[in-house]
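Listed here are the chains, written in short residue letters.
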Amino acid sequence: MARSFDDLVTEAATVSVAGWDFSWLDGRATEQRPSWGYQRLIGERLARVESAVDIQTGGGEVLAGVPVLPPLTVATESWPPNLAKASALLHPRGATVVADTDEPPLPFRPGSFELVLSRHPVKAWWAEIARVLRPGGTYLSQQVGPASVFELVEYFLGPQPADVRESRHPDHARAGAERAGLAVVDLRFEKLRTEFFDIGAVIYFLRKVIWLVPGFTVEEYLPQLRALHEQLQRGPFVATTTRFLIEARKP
């Protein structure tokens, strides 16, 4: 029997959204993954270096899932619930988790790391990335691309201006890295399919990915949520996720 709107909303509005694990959405939403396999890539790189930092690690799930961590492994995070989760996952692996504001400067000395990682950073502070890299070091990051899941964003917020839709274009990342003195050696971009199957999945997603619909609450968007619930009774809500991989080296 199909679950009621009120039941789905109550469940999704109260479940914890700490960490960066989306397993709660299993069976309720799907997201196609980029072909390059970010966790596999960073696992290969981490096995070959002596020092690395994962910036904006979230709950530490991606970093904790690689087979080998270097002797000096550090992760930064700003949100207290994520800090606690990342500490629980990474401390047993010998990694240090550092509370940070996600604003410059990074709390490290110049040239501290051979490898800097970041999966889906809110913003890449290129001058700071370049500063903490050792000469010959590498920055490897998977980032959210332009207009990602904007079918969902614009359902709630209406049409967005061109500068907002293109604000995460990979060309901007390339330019930022080069301005900081880094050489971009790899840049890949993919469009991927995302599907939401029930209104609970939409609510959970917007509570977790807070920058998509800033200040999202069920109460404020209740009419739109009710209408979307009716639409979802007829089939999934389909959106386009965009991702890019960037690798840059310090001369």
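Provided above is the structure to which this section pertains.
Bear in mind the structure is a predicted one, so any value in this text is a computation, not a measurement.

A. Here's a closer look at the overall build of the protein chain. Looking only at helices and strands, one finds ten helices and eight strands in the protein chain. Taken along the three principal axes of its C-alpha coordinates, the protein chain extends 55 × 40 × 30 Å. Taking all 251 residues of the protein chain together, the buried fraction comes to 51%. If you take every contact in the protein chain between residues at least 6 apart in sequence, the share linking residues at least 24 apart comes to 70%. Summed over all atoms, the accessible surface of the protein chain reaches about 11,700 Å², with 55% contributed by carbon and sulfur.

B. Spatial organisation of a nonpolar patch on the surface. Judged by side-chain polarity, Val122, Ile210 and Trp211 come together as a nonpolar surface patch covering roughly 280 Å² of accessible area. With respect to the secondary-structure elements, Ile210 resides in the loop between helix 9 (199–208) and helix 10 (222–232).

C. Local environment of the pairing of strand 7 (residues 183–196). Two elements, strand 1 (residues 29–31) and strand 7, share three bridges in a ladder whose sense is antiparallel. Each residue of the ladder has a partner; that of Ala29, found in strand 7, is Phe196. For strand 7 and strand 8 (residues 237–249), the ladder comprises 13 bridges, and the chain directions are antiparallel. If you follow Arg193 over to strand 8, its bridge partner there is Thr240.

D. Up close: the packing of aromatic side chains. Considering all chains together, one arrives at twelve aromatic pairs under this definition. Summarising the aromatic geometry, the rings of Phe108 and Phe113 are spaced 5.1 Å apart at their centres and angled 90° between planes, so their arrangement reads as edge-to-face. An identical accessibility class is assigned to Phe108 and Phe113; each is buried. For the pair Tyr155 and Phe156, a centre-to-centre distance of 5.0 Å together with 80° between the ring planes defines the contact as edge-to-face. Here Phe156 falls in the buried class, since its relative accessible area comes to 6%. Joined through ring pairs, the aromatic side chains of Trp20, Phe22, Phe196, Phe205 and Trp211 make up one cluster. Of note, Lys208 hangs over the ring of Phe22, and the distance from its end group to the ring centre comes to 5.3 Å.

E. Here's a closer look at the pattern of salt bridges. The final tally for this structure, using the stated rule, is 15 salt bridges. With a closest N to O distance of 3.2 Å, Arg28 and Glu11 form a salt bridge. Placement of Arg28 in the loop between helix 1 (5–14) and strand 1 and of Glu11 in helix 1 is noted, with a sequence separation of 17 residues between them. Looking at Arg28, the relative accessible area reads 10%, which means it is buried. Of the charged contacts in the structure, one is a salt bridge between Lys85 and Glu61, with a shortest N-O distance of 3.5 Å.

Scoring rules and cut-offs
Residues numbered from 1 in each chain as written. Predicted model: local features only at pLDDT ≥ 70, side-chain atom pairs only at ≥ 80, totals over all residues. Heavy atoms only, no water. Helix = DSSP H or I, 4+ residues; strand = E, 2+ residues; numbered from the N terminus. Buried < 20%, exposed > 50% of the residue type's maximum accessible area, 1.4 Å probe, protein only. Contact = heavy atoms within 4.5 Å. Areas by Shrake-Rupley, 256 points an atom, 1.4 Å probe, with all protein chains shown as cover. Patch = residues over 30% accessible without salt bridge, like charges linked within 9 Å, V, L, I, M, F, W, Y side chains within 5 Å. Salt bridge = Lys/Arg side-chain N within 4 Å of Asp/Glu carboxyl O. Pairing = 2+ DSSP bridges. Phe/Tyr/Trp six-rings, centres within 6.5 Å; stacked < 30°, edge-to-face > 60°. Lys NZ or Arg CZ within 6 Å of the ring centre and 35° of its normal.

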